[in-house]
Amino acid sequence: SAGVRRNALQVLPRMTKATHALLEADVLTDPDAQVRLAAFLSLADLPPTNSSGAAIFAAMQRSQNVQDRWIPDAAISAASAHSEFFLQSVAATDQALSPKLLQSTSVIAEHYARGKPIDSVIQLLNKLPRGVDLNAAAIVAGLARGWPNGVKLTLDATADEDLEKLLTKVPSTSQGLLVKLATS
């Protein structure tokens, strides 16, 4: 029953095996909204995996989750806990996100930046020129808002070239934010 599934999600041990088990059980697409809500909230406390970000990203696009009163907030919480992999999924998609998901992505990117992801942010920035312009702009805006003062990005030649490509791709409102991020 839905109640049993929901309760099982609430008592998962906080370990990577549990993340894999939750994703394999496909509870992010459960027909019951309370089970999906519990799944997102559980993911917010579970360790990130390569597949967790993509699964959260896919679930956040489902209309039944977008239209729910509470699930979008729980999904942002889960995506923030798995932010590196979530943002990589956004950067890799070839579809423009809805305005609501763009806003959520920016919030998640801001959270990610506050964690000083010096090593992984370069990989993310390298993917952005190949993605959708507005999706990249949402990520850049969040990174620029959340990037800690005094923490410098070290760009290699490839990252520098990718940022130049990205600069010509994003809307003018994001260009200044990108320059701020690259020169911080």
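The preceding data block contains the structure.
The text that follows walks through the structure, step by step, so that each part is easy to find.

### Concerning the overall build of the protein
So, step 1. From N to C terminus, the protein includes 12 helices and 0 strands.
So, step 2. Put simply, the protein runs from its N terminus to its C terminus through helices and strands in the order α-α-α-α-α-α-α-α-α-α-α-α.
So, step 3. With respect to the principal axes defined by its C-alpha atoms, the protein has extents near 55 × 30 × 25 Å.
So, step 4. For the protein, the proportion of its 184 residues judged to be buried stands at 49%.
So, step 5. Accessible area of the protein: about 9,000 Å², with a carbon and sulfur share of 54%.
So, step 6. Placing the 17 positive and 17 negative side-chain charges of the protein at their respective mean positions leaves the two points 5 Å apart.

### Remarks on a negative patch on the surface
So, step 1. Taken together, the side chains of Asp156, Asp160, Glu161 and Glu164 make up a negatively charged region of the molecular surface.
So, step 2. Tracing the chain through its elements places glutamate 164 in helix H11 (residues 157-169).
So, step 3. Look at glutamate 164 and you get exposed, because its relative accessible area is 52%.

### Topic: the packing of helix H6 (residues 71-81) against helix H8 (residues 99-114)
So, step 1. Contact geometry of H6 with H8 gives a least axis separation of 9 Å together with a crossing angle of 35 degrees. Seen along the crossing, H6 lies across H8 with a hand that is right-handed. Taken together, the residues of H8 that come into contact with H6 (itself represented by Pro72, Ile76, Ala79 and Ser80) are Lys100, Ser104, Val107, Ile108 and His111.
So, step 2. Tallied by class, residues from the contact of H6 with H8 come to 5 nonpolar, 3 polar and 1 charged.

### Brief notes about the environment of aspartate 68
So, step 1. Position of aspartate 68 among the secondary structure elements: in the loop between helix H5 (63-66) and H6.
So, step 2. Separated by 13 residues in the primary sequence, aspartate 68 and alanine 55 place their C-alpha atoms 18 Å from one another.
So, step 3. Looking at aspartate 68, its side chain comes within polar contact range of the main-chain nitrogen of isoleucine 71, at 2.9 Å.

### As for the pattern of salt bridges
So, step 1. For the structure shown, the criterion picks out 6 salt bridges.
So, step 2. Across the salt bridge formed by glutamate 110 and arginine 114, the nearest N and O atoms sit 2.4 Å from each other. Taken as a pair, glutamate 110 and arginine 114 lie in helix H8 at a separation of 4 residues, close to a single helical turn.
So, step 3. In this structure, the salt-bridge partner of aspartate 133 is lysine 169, at a minimum N-O distance of 3.5 Å. Taken together, the residues span a long stretch of sequence, with aspartate 133 in helix H10 (residues 133-146) and lysine 169 in helix H11 at a distance of 36 residues.
So, step 4. One continuous salt-bridge network, built from bridges that share partners, spans Glu110, Arg114 and Arg145.

Reading guide: rules and limits
- Residues numbered from 1 in each chain as written.
- Predicted model: local features only at pLDDT ≥ 70, side-chain atom pairs only at ≥ 80, totals over all residues.
- Heavy atoms only, no water.
- Helix = DSSP H or I, 4+ residues; strand = E, 2+ residues; numbered from the N terminus.
- Buried < 20%, exposed > 50% of the residue type's maximum accessible area, 1.4 Å probe, protein only.
- Areas by Shrake-Rupley, 256 points an atom, 1.4 Å probe, with all protein chains shown as cover.
- Lys, Arg positive; Asp, Glu negative; His and termini not counted.
- Charge placed at Lys NZ, Arg CZ, Asp CG, Glu CD.
- Patch = residues over 30% accessible without salt bridge, like charges linked within 9 Å, V, L, I, M, F, W, Y side chains within 5 Å.
- Salt bridge = Lys/Arg side-chain N within 4 Å of Asp/Glu carboxyl O.
- Axes fitted to C-alpha atoms, helices over the stretch in contact; angles between N-to-C directions.
- Left-handed = near helix turned anticlockwise from the far one by under 90°.
- Contact = heavy atoms within 4.5 Å.
- Nonpolar A, V, L, I, M, F, W, Y, C, P; charged D, E, K, R; others polar.
- Polar contact = N/O pair within 3.5 Å; in protein donor to acceptor, adjacent residues only side chain to side chain.

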